[in-house]
Amino acid sequence: MDQVLSGDSGNLEALAAFFARYPRLAVITGAGVSTASGIPDYRDDSGDWKRPPPMQHQVFMASHAARQRYWARALVGFHTLQQARPNAAHAALARLESQGHVSGVITQNVDGLHQRAGSRRVIDLHGRADMVRCMGCGARRMRHDLHAELAARNPYWREAGARAGPDGDADLEADFSGFRVPDCTRCGDGIYKPDVVFFGDSVPRTTVEAAFAMLAESDALLVVGSSLMVFSGFRFAREAARQDKPIACLNLGRTRADALYALKVQAPAEALDSLCGMLENGFSRGVSRRPA
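Here we summarise the structure given alongside this text. Keep in mind the model is a prediction, meaning the values are calculated, not measured.

What follows is about the packing of helix α4 (residues 88–98) against helix α9 (residues 272–280). It is at 8 Å that the axes of α4 and α9 come closest, and there the two elements cross at 30°. Here α4 is positioned roughly parallel relative to α9, judged by the angle of their axes. Between α4 and α9 the crossing geometry is left-handed. Of the residues in α9, those touching α4 at A88, A89, A92, L93, R95 and L96 are L272, D273, L275, C276, G277, L279 and E280. Partitioned by chemical class, the residues of the contact of α4 with α9 number nine nonpolar, one polar and three charged.

Listed below in structure tokens is the structure:
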């Protein structure tokens with residue numbers, strides 16, 4: 001790693017210079033982009049778990065009790081994800097895309113906030129939490145519609161109080177054995193699962209290929225608000241390094257790709273708003289730009 005800088009305005013200028021030097025940036029984002037929207041993240045500044053690891057795909061599919069626990073906690077915690085609004089980081093990335101600085105966003109988040117902020121080219125690496133899919137017949141259903149059915153079947157759980165967790169979870173422990181989980185309304189016995197990639201599951205090949213294609217057409221990579229501890233995100237930093245594409249990072253704390261960065265600024269993702277102001281105010285004048 002060439003430089004590690006704190007997030008004051010002088011050091012954000014180094015990031016603005018990176019933008020000016022590499023006019024087409026692919027951006028990979030993680031949970032740190034959405035914490036200012038009220039969505040908790042998984043890891044601390046050292047990259048370690050703050051809470052027990054999330055649901056494993058194999059456990060969810062194999063255990064009815066695991067599905068009861070998952071959907072009961074989601075019924076309590078998902079409203080935090082539903083009510084979240086884009087923050088300054090999401091808005092800044094949409095502005096940077098409209099100005100031609102960003103070629104697209106590869107996000108590890110499942111909250112859809114990049115699209116709601118106005119970003120047009122977004123690859124949802126781990127899917128979208130606002131949809132569910134039957135693992136038997138493949139039928140899709142809006143998440144809020146399933147939650148309405150869950151609430152109707154389990155009215156006593158609607159008022160359960162618990163602290164919200166990442167991605168619509170809740171820090172709730174109870175006897176979940178009576179929680180009623182519906183089967184698929186189309187095929188009659190299929191398992192409903194959020195249309196997201198759980199731990200132990202694989203990112204669809206077409207999604208990975210689209211993300212690699214975005215990286216290939218970009219001049220450099222920017223990592224924002226992600227520790228990249230999960231390989232599904234880290235692989236893009238590794239590939240950028242293999243292609244000799246410069247990598248910059250805006251993040252608080254350690255990441256798995258620290259050794260690969262040309263520049264790392266230790267600051268929250270919302271610092272992108274200040275960076276936008278620098279670029280809009282003509283910071284790049286006098287800084288040589290590679291041809292678009």
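Turning to the sheet that holds strand β6 (residues 140–142), a few remarks are in order. With antiparallel pairing, three strands are arranged side by side in an open sheet as β6-β5-β9. Across the chains shown, the open sheet's two edge strands, defined by having one partner strand only, are β6 and β9 (192–196). The mean inter-strand angle of the sheet, taken between neighbouring strand axes irrespective of direction, is 40°. Bridging between strand β5 (residues 127–134) and β9 involves four bridges; their strand directions are antiparallel. Residue pairing in the sheet places C134 in a bridge with Y192 of β9.

In a packed pair of helices, the relevant descriptors are the angle between the two axes and the axis-to-axis distance. As a packed pair, helix α7 (residues 205–216) and helix α8 (residues 231–242) sit with axes 11 Å apart at the nearest point and diverge in direction by 35°. By crossing handedness, the relation of α7 to α8 is classed as right-handed. Across the interface between the two elements, V208, A211, F212 and L215 of α7 pack against R235, F236, E239 and A240 of α8. Here the residues of the contact of α7 with α8 are counted per class, giving six nonpolar, no polar and two charged.

Most of strand β10 (residues 220–224) is tucked away: five of the five residues are buried. Neither face of β10 is left uncovered, since the one carrying A220, L222 and V224 and the one carrying L221 and V223 both have all their residues buried. Looking at chain direction, strand β2 (residues 25–29) and β10 are connected through five bridges and run parallel. Each residue of the ladder has a partner; that of A26, found in β10, is L221. One ladder, built from four bridges, connects β10 with strand β11 (residues 247–250); its direction is parallel. The partner of V224 across the bridge, within β11, is L250. Running through α8, the crossover from β10 to the neighbouring parallel element β11 is right-handed.

With that settled, consider α4. Among the residues of α4, those classed as buried are A89, H90, A92, L93, A94, L96 and E97. N-capping of α4 is provided by N87, with a side-chain oxygen placed 2.7 Å from the backbone N of A89. Immediately beyond the C-terminal end of α4, within one or two residues, lies G100, with a positive phi of roughly 90°.

Using the criterion set out here, one finds 17 salt bridges in the structure. The partner of R128 in a salt bridge is D130, with the nearest N and O atoms 2.8 Å apart. Residue R128 is classed as partly exposed on the basis of its relative accessible area, which comes to 24%. Judged by its relative accessible area of 28%, D130 is partly exposed. The partner of R140 in a salt bridge is D195, with the nearest N and O atoms 3.0 Å apart.

To continue, consider α9. Every buried residue of α9 is accounted for by L272, L275, C276, G277, M278 and L279. Phi turns positive one or two residues past the end of α9, at G282, with a value near 85°.

The next thing to look at is the packing of aromatic side chains. Here the structure, examined in full by the defined rule, presents eight aromatic pairs. Between the aromatic rings of F18 and Y22, the centroid separation amounts to 4.9 Å while the plane-to-plane angle is 55°, which identifies the pairing as tilted. A ring pair is formed by W157 and F179, whose centres lie 5.6 Å apart and whose planes are at 85°; its orientation type is edge-to-face. Of this pair, W157 sits in the loop between α6 (143–153) and β7 (163–164) while F179 sits in the loop between β8 (170–171) and β9; the two residues are 22 residues apart in sequence, bridging distant segments of the chain. When sorted by exposure, W157 lands in the same class as F179, which is buried. An aromatic cluster of three or more residues is present, and its members are F60, Y70, W71 and F198. One cation-aromatic arrangement involves R143 over F78; the distance from NZ or CZ to the ring centre is 4.1 Å. We note K193 situated over the ring of F198; from NZ or CZ to the ring centre the distance is 4.5 Å.

Thresholds, definitions, all that
- Residues numbered from 1 in each chain as written.
- Predicted model: local features only at pLDDT ≥ 70, side-chain atom pairs only at ≥ 80, totals over all residues.
- Heavy atoms only, no water.
- Axes fitted to C-alpha atoms, helices over the stretch in contact; angles between N-to-C directions.
- Helix = DSSP H or I, 4+ residues; strand = E, 2+ residues; numbered from the N terminus.
- Parallel < 35°, antiparallel > 145°, perpendicular 65-115°, else oblique.
- Left-handed = near helix turned anticlockwise from the far one by under 90°.
- Contact = heavy atoms within 4.5 Å.
- Nonpolar A, V, L, I, M, F, W, Y, C, P; charged D, E, K, R; others polar.
- Pairing = 2+ DSSP bridges.
- Buried < 20%, exposed > 50% of the residue type's maximum accessible area, 1.4 Å probe, protein only.
- Right-handed = clockwise from strand over helix to strand, strands pointing away.
- Polar contact = N/O pair within 3.5 Å; in protein donor to acceptor, adjacent residues only side chain to side chain.
- Salt bridge = Lys/Arg side-chain N within 4 Å of Asp/Glu carboxyl O.
- Phe/Tyr/Trp six-rings, centres within 6.5 Å; stacked < 30°, edge-to-face > 60°.
- Lys NZ or Arg CZ within 6 Å of the ring centre and 35° of its normal.

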